[in-house]
Amino acid sequence: MTLFNEDDNNDITPEVKAQFSSFIEPFFSKYHRERCYPGLIFRHGKRKMLQINIPPGDFPALLVIKPATENDPDSGRQRPEVPGHADEIKNYIIEQAQKGKPWILGTLTANVALGKINILEFGRGICLVVIPRGVKLEITDGQHRKSAIQKLIEGDTSDLISDDDFPITLVLEEDLDQCKKDFLDMAQTKQLDKALLLSFGVSEGRIGITKKLVEQVHIFHNKTDKVHDNPRVTKGFIYTNNYIARAVSCAFTNNPEAELSDYDVAISSNSLANCLNEFFYECSNTRYVSVKKAEDLTVAEIRKFKDECLLGVSVGLEVLARLLHLTYNKDSNYFDETKVSQLAKIGWTRDNEIWENTLIRIDPNPKNPNKRYKLSTGANAVTDAVKKIKYELGWTDNSSY
C-alpha cells in the first residue's frame, strides 16, 4: 500500500511558496482582530456557499445553536437536541483518539447573512473569509457534533483534538424560513440500518466476532442480510447482522448490548462458531437449513422455517444465546458440549408446549387456524423462557435467571 507523503505530492517550489506567503500574510495581518479563514467559494442549490475549516478553540465564540423547544418547532432553527447524542459523539472521538486510531465527523452546516462577513475573492473560487468579532454562525445541521466538540475542548481531554480542524459549509442565508427548510431538506436522508452499520464497523469486539460467525457458522453463511435490519426473505436471507450481533453479546456476557471490546476476535469467534455449528446440526429443527447451501434453499423453505422454528427469528436466537451463556466458561473459552447437546434436543418449534406462556401465546380465536401461535418478543418473555428451559433441564446455578 502506498502511503501519503506530503513532499512527494507537492511539486510547488520553495520560491513559489515564499511568494504566496508574502502575498497572503498582509491580509491576515490586516484582519488579525477578526477571525480569518482560507476558504473556497462554490454554488449549490441556486445559492453562493463557502467552505472553511476552523480549529476547535473557535467553536464557543463562533458557532451558536438555536434548537427548538420540545413541542414548538417555530422556536428555533433546528430540532430539539436529542439527550445523550452529543455525549455519544464525544465518547466516540475520545475512544478512537486515545487508541491512536482514525476518526471522522461529517461537515457541519451553518448560515450567516452575506453582509455580516467579508469575502476576499482571489479567483478560481479561492478566498479568505473574514468574520468580524460579534458575528455568529448559526448551525443549520450538526448541532450535536458542535456540542460534542465544545464539551471536549472545555473538558480535561481537550488535547485529543487541539490540533484538529473541522469543516464548515457556510450558507449565505439569513431568512429564517429558508434556514428551517434547509434543515428539513438535509434531514431527508434515510437512517442507515443497524445491519449495514455493523457491516462497515471495525472488525473488533462483538462486530468482529459477528462478521466471523456470519462466515463460519453454516446456518448463517450466505443466509444473513448484511444491509437491512429485516432479512429479505425473497433474496434468500434468514437472518441479519444485528440479530447475530445481539446473540453474540448474550452468549458471552448475557448482555445484548455488550461491545466485547476485551474479547479476542479470532479465539472467541472460533469457540462460538464450533458451538453453534454443532448445535444447529444436532438440533432436528435446524439441521436441514444448516447443512443445505443457501443457493439451494427455496423462498418457500425459508418462509416455512421462519414461521415454524423459533431459531429462525431474532428472539429465538437471543434465548438460545442466553442459555449458551450458562454453559460458557470464560477462563477456558469453552461452551459445555454436554449442555449444548441438551439444548439441541428440547424442540425449538413454535408448537412445542414448552414455549407456551413465555415466547408463545396461543390465540384462542385466530383469524387463521394455521397460525394460532402468537410470538412474544419482550424482555419478560425472554427471561421467562430462559427460566423455564433451565427448570426443564434441571440446571442450577447462581445466575440472575
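Residues numbered from 1 in each chain as written. Predicted model: local features only at pLDDT ≥ 70, side-chain atom pairs only at ≥ 80, totals over all residues. Heavy atoms only, no water.

- Under an unreviewed UniProt entry, the name given to the protein is DNA sulfur modification protein DndB, and the source organism is Anabaena lutea FACHB-196.

### Digging into the pairing of strand β4 (residues 108-112)
Here is step 1 of the chain: Of all the five residues making up β4, five are buried; the element is thus mostly covered by neighbouring parts of the structure.
Here is step 2 of the chain: In terms of strand pairing, β4 meets strand β7 (residues 137-141) through three bridges, oriented antiparallel. Bridged to Asn-111 within β7 is Glu-138. (Buried < 20%, exposed > 50% of the residue type's maximum accessible area, 1.4 Å probe, protein only. Helix = DSSP H or I, 4+ residues; strand = E, 2+ residues; numbered from the N terminus. Pairing = 2+ DSSP bridges.)

### Quick word on the sheet that holds strand β2 (residues 47-54)
Here is step 1 of the chain: The eight strands lie next to each other as β3-β7-β4-β8-β2-β1-β6-β5, forming an open sheet whose pairing is mixed. On the outer flanks of this sheet lie β3 (63-64) and β5 (118-123), each paired with one strand and no other.
Here is step 2 of the chain: As judged from the six bridges shared by strand β1 (residues 35-44) and β2, these two strands associate in the antiparallel manner. Of the residues in β2, the one forming a bridge with Arg-43 is Lys-48.
Here is step 3 of the chain: Lying over the sheet, helix α4 (residues 143-153) contacts β3, β4, β7 and β8 (166-172), oriented at roughly 125° with respect to β7. (Contact = heavy atoms within 4.5 Å. Axes fitted to C-alpha atoms, helices over the stretch in contact; angles between N-to-C directions.)

### Overview of the side chain of Ser-376
Here is step 1 of the chain: Among the secondary structure elements, Ser-376 is positioned in the loop between β14 (373-375) and α14 (379-393).
Here is step 2 of the chain: On the basis of relative accessibility, which here comes to 17%, the residue Ser-376 falls in the buried class.
Here is step 3 of the chain: The contact partners of Ser-376, leaving out residues within four places of it in the chain, are Val-315, Thr-358, Leu-359, Arg-361 and Ala-381.

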